[in-house]
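The residues making up each chain are set out below.
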Amino acid sequence: MISRLTFATLPSIIVAGALIAAAPTTALSAQHAKPRAAAQKHKNKAAAAEPAFTTDASGRSVPLLANKAWVLMDFDTGQVLASSNQDEPLPPASLTKMMTSYLVEQGLKSGKLKPNDPVTMSESAWCRGGKDGDSCMFVPLNAQASLMDMLRGVVIASGNDASKALAEHIGGSEPGFVAMMNAEAKKLGMTKTQFANAAGLPDPNNKASARDLAVLAAAIIRNSAEYYPLYAEREFTYNGIKQGNRNALLYTDPTVDGLKTGHTDEAGYCLTASAKRNGMRLISVIMNADSKQARADQTRVLFNWGYANFEQATPAQAGATLASAKVTYGVAPTVNAGLAQAWTLLVPKGEAGKVQTSVSLNPALEAPIAKGAVIGKIVATANGKPVGEAPVIALADVERAGFFERLRQRVVGWFSK
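Residues numbered from 1 in each chain as written. Predicted model: local features only at pLDDT ≥ 70, side-chain atom pairs only at ≥ 80, totals over all residues. Heavy atoms only, no water.

1. A few points about the overall build of the protein chain
Inclusion rule: Helix and strand assignments follow DSSP, with helices taken as H or I runs no shorter than four residues and strands as E runs no shorter than two, numbered in order from the N terminus. Exposure categories follow from relative accessible area, calculated using a 1.4 Å probe and restricted to protein chains: below 20% of the type maximum is buried, above 50% is exposed, and the middle band is partly exposed. Residue contacts follow a heavy-atom distance rule, with two residues in contact if any of their heavy atoms lie within 4.5 Å. The Shrake-Rupley method, run with a 1.4 Å probe, gives the accessible areas here. Residue values count only the displayed protein chains as cover.
Secondary structure summary: the protein chain contains 9 helices and 19 strands in total. Of all 417 residues assigned to the protein chain, the portion counted as buried reaches 49%. By sequence separation, contacts in the protein chain at least 24 residues apart represent 66% of the contacts at least 6 residues apart. In the structure as shown, the protein chain presents an accessible area of about 18800 Å², 52% of it carried by carbon and sulfur atoms.

In structure tokens form, the structure reads like this:
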């Protein structure tokens, strides 16, 4: 095992009443505490220090967290609300399994995989009774489990064995599956991530950044919506062994519905989580906290801070005409410009009503123009500061005019100069 790093120079943030992360309830996994037992154990714990805050470059008060890296991201816009070392590649431990589960979910969605496909537990994937603290689903050697059970074994029980078995089933071998993981990471724009195995076991080549993991979490929520409820399930029983989800916030905050915990000596305690309150979804990533409780406490601090300091604004609706663009050589002289979908962004609390917009259109639009073609952009500002921008599209087709009409327009254009 690799010695775990400590960060004594940063203040510890502990919020009152936090729970120890959820865990298995069998003798085979006795090293993990039961979620409800943990709740009872800490029920009467004395209140700890208030969360610490610091001031960022823009003068905002933001949380100061005792870990190696963190990020708080808005799901709808991908907007990073606050962060620390968000792009530093770090050992992600079992947060790696989010990519494993995502690829399984996308295979199910496409029809390439079936929920009842039998997946074999090979000797190379088999978990030998939780030796050295391994997280296991505990599928017997050479036995088969359904693909959906294996997926639950990854998402809920954080099974290294289930992760490896699925990797071999889908990729032909774990290295083959890792190549798929890295290809998908590149596709999603995870520029600071390199996977080396399917489970997140210690490897100097297995690294990911906090922001990349938030991007991956957003992809799971958006692209695997039908399977996302798995990440909120509190327990999973297989082979007579009941295991609890280690995400402690699932037991204490009804707005939290995912995603994944992780821990190794090198990576420390990690947690990627998502919460939805009043229609607004936030994603947080904590990397290298010093305990299970710390990663839960710090996530709670981020969510509370985010929802207290930001609100949604919708400066433009889908299909509404924002401007009229001049078109040359078209059967129509103009085309209406607008947005393909309602535009939502996050602004500091109290500024949603102060958002102003301006539209700039491409100066030389020439037919033909297809409906949906990008022909400009809209910029939103609040108190004179930019808060976001979005592409503006043509709301209708404009066909190219015939030869004589184009000639007429050209002549008119000469005399109008």
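2. Some words on the sheet that holds strand β17 (residues 365-366)
Keep this limit in mind: What makes two strands pair is DSSP finding at least two bridges between them.
Taken together, 6 strands build an open sheet; the order of strands is β16-β18-β19-β14-β13-β17 and the sheet is mixed. The open sheet terminates on both sides in strands that have one partner only, identified here as β16 (355-361) and β17. Two elements, strand β13 (residues 323-328) and β17, share 2 bridges in a ladder whose sense is parallel. Note that in β17 the partner of V327 across the bridge is L365.

3. Looking at the sheet that holds strand β3 (residues 69-74)
For the record, the criterion: Comment: axis = line fitted to C-alpha atoms, over the contacting stretch for helices; angle = value between 0 and 180 degrees taken between N-to-C directions.
An order of β4-β3-β11-β10-β9 is seen for the 5 strands of this open sheet, with the pairing classed as antiparallel. Both edges of this open sheet fall to β4 (80-84) and β9 (256-264), since each of them pairs with a single strand only. Ignoring which end each strand starts from, the neighbouring axes of this sheet average 5° apart. As defined by bridge partners, β3 adjoins strand β11 (residues 280-289) across 6 bridges and the pair is classed as antiparallel.

4. Focus on the nonpolar core
This is how it is decided: In this text, buried Ala, Val, Leu, Ile, Met, Phe, Trp, Tyr and Cys residues form a nonpolar core when linked through side-chain atoms within 4.5 Å.
Residues M99 and M150 are the most contacted members of the largest nonpolar core, which totals 61 residues. Of all the secondary structure elements, the ones that give two or more residues to this core are β3, α2 (97-110), α3 (147-155), α4 (160-171), α5 (174-188), α6 (210-223), β7 (235-238) and β11. Ranked by residue count, the leading element in this core is α6, at 9 residues. Counting residues in hydrophobic clusters, the runner-up holds 28 residues, among them L81, A82, L250 and V301.

5. Focus on a nonpolar patch on the surface
For clarity, the cut-off: Patch membership requires more than 30% relative accessible area and the absence of a salt bridge. Residues of like charge join within 9 Å; the nonpolar side chains Val, Leu, Ile, Met, Phe, Trp and Tyr join within 5 Å. One side-chain nitrogen of Lys or Arg within 4 Å of one carboxyl oxygen of Asp or Glu is enough to make a salt bridge.
There is a patch of nonpolar side chains on the surface, built from F403, F404 and L407 and spanning about 360 Å² of accessible area. The class for F404 is exposed, based on a relative accessible area of 66%.

6. Structural notes on the side chain of T261
Position of T261 among the secondary structure elements: in strand β9. In this view, T261 contacts S94, L95, R246, N247, C270, L271 and R295; residues no more than four positions away in its chain are not counted.

7. Description of α4
The line we're drawing: To estimate the expected span of a helix, count its residues, drop one, and scale the result by 1.5 Å.
Compared with the 16 Å implied by 1.5 Å per residue over 12 residues, the 16 Å span of α4 between its first and last C-alpha is a close match. Every buried residue of α4 is listed here: N160, D161, A162, S163, K164, A165, L166 and A167. Where α4 is buried, its residues meet α2, β5 (118-120), α3 and α5. A positive phi of about 85° marks G172, the residue just after α4.

8. Side note on the pattern of salt bridges
Taken as a whole and judged by the stated rule, the model has 9 salt bridges. As a salt-bridge pair, E88 and K68 come within 3.9 Å of each other at their nearest N and O atoms. You can see E88 sitting in the loop between β4 and α2 and its partner K68 sitting in the loop between β2 (61-63) and β3, a full 20 residues away along the chain. Look at E88 and you get partly exposed, because its relative accessible area is 30%.

9. Observations concerning the state of the cysteines
The condition is simple: Two cysteine sulfurs form what is called a disulfide whenever their separation falls within 2.5 Å.
One pass over the structure, following the stated rule, counts 1 disulfide. Put simply, C127 and C136 are joined by a disulfide, and their sulfur atoms are 1.6 Å apart. Among the residues examined, C127 registers a relative accessible area of 7% and is labelled buried.

10. Considering the pairing of β3
β3 sits mainly inside the fold: 6 of its 6 residues count as buried. Bridge count for β3 against β4 is 4 bridges, and the pairing is antiparallel. Pairing of V71 across the sheet is with S83, part of β4. Hairpin connection of β3 to β4: 5 residues between the antiparallel strands, including G78 at a positive phi of 75°.

11. A short note on the packing of α2 against α4
Any two packed helices are characterised by how steeply their axes cross, that is the angle between the axes, and by the distance between the axes. Counted only if it meets this: Roughly parallel means an angle under 35 degrees; roughly antiparallel, over 145; roughly perpendicular, 65 to 115; everything else is oblique. Crossing handedness is read from the near helix: turned anticlockwise from the far helix by less than a right angle, it gives a left-handed crossing, and turned clockwise, a right-handed one. Nonpolar residues are Ala, Val, Leu, Ile, Met, Phe, Trp, Tyr, Cys and Pro. Charged residues are Asp, Glu, Lys and Arg, and all others, Gly as well, are polar.
Packing of α2 against α4 leaves a shortest axis separation of 11 Å and a crossing angle of 45°. Comparing the axis directions of α2 and α4 gives the class oblique. Remark: the crossing between α2 and α4 carries left-handed chirality. Where α2 abuts α4, its residues K97, T100 and V104 lie against N160, S163, L166 and I170. Partitioned by chemical class, the residues of the contact of α2 with α4 number 3 nonpolar, 3 polar and 1 charged.

12. Let's talk about the side chain of K97
As a reminder of what qualifies: His residues and chain termini do not enter the charge count, which takes Lys and Arg as positive and Asp and Glu as negative. Definition of a polar contact: a pair of N or O atoms within 3.5 Å, with one able to donate and the other able to accept a hydrogen when the atoms are protein atoms, and with sequence-neighbouring residues admitted only if both atoms are side-chain atoms.
Mapped onto the secondary structure, K97 falls in helix α2. The charged side chain of K97 is buried without a salt bridge, its nearest counter-charge being D161 at 8.1 Å. Side-chain polar atoms of K97 contact the backbone oxygen of S158, separated by 3.4 Å. Not counting chain neighbours up to four residues away, the residues in contact with K97 comprise V154, S158, G159, N160, S163, A198, A199 and K260.

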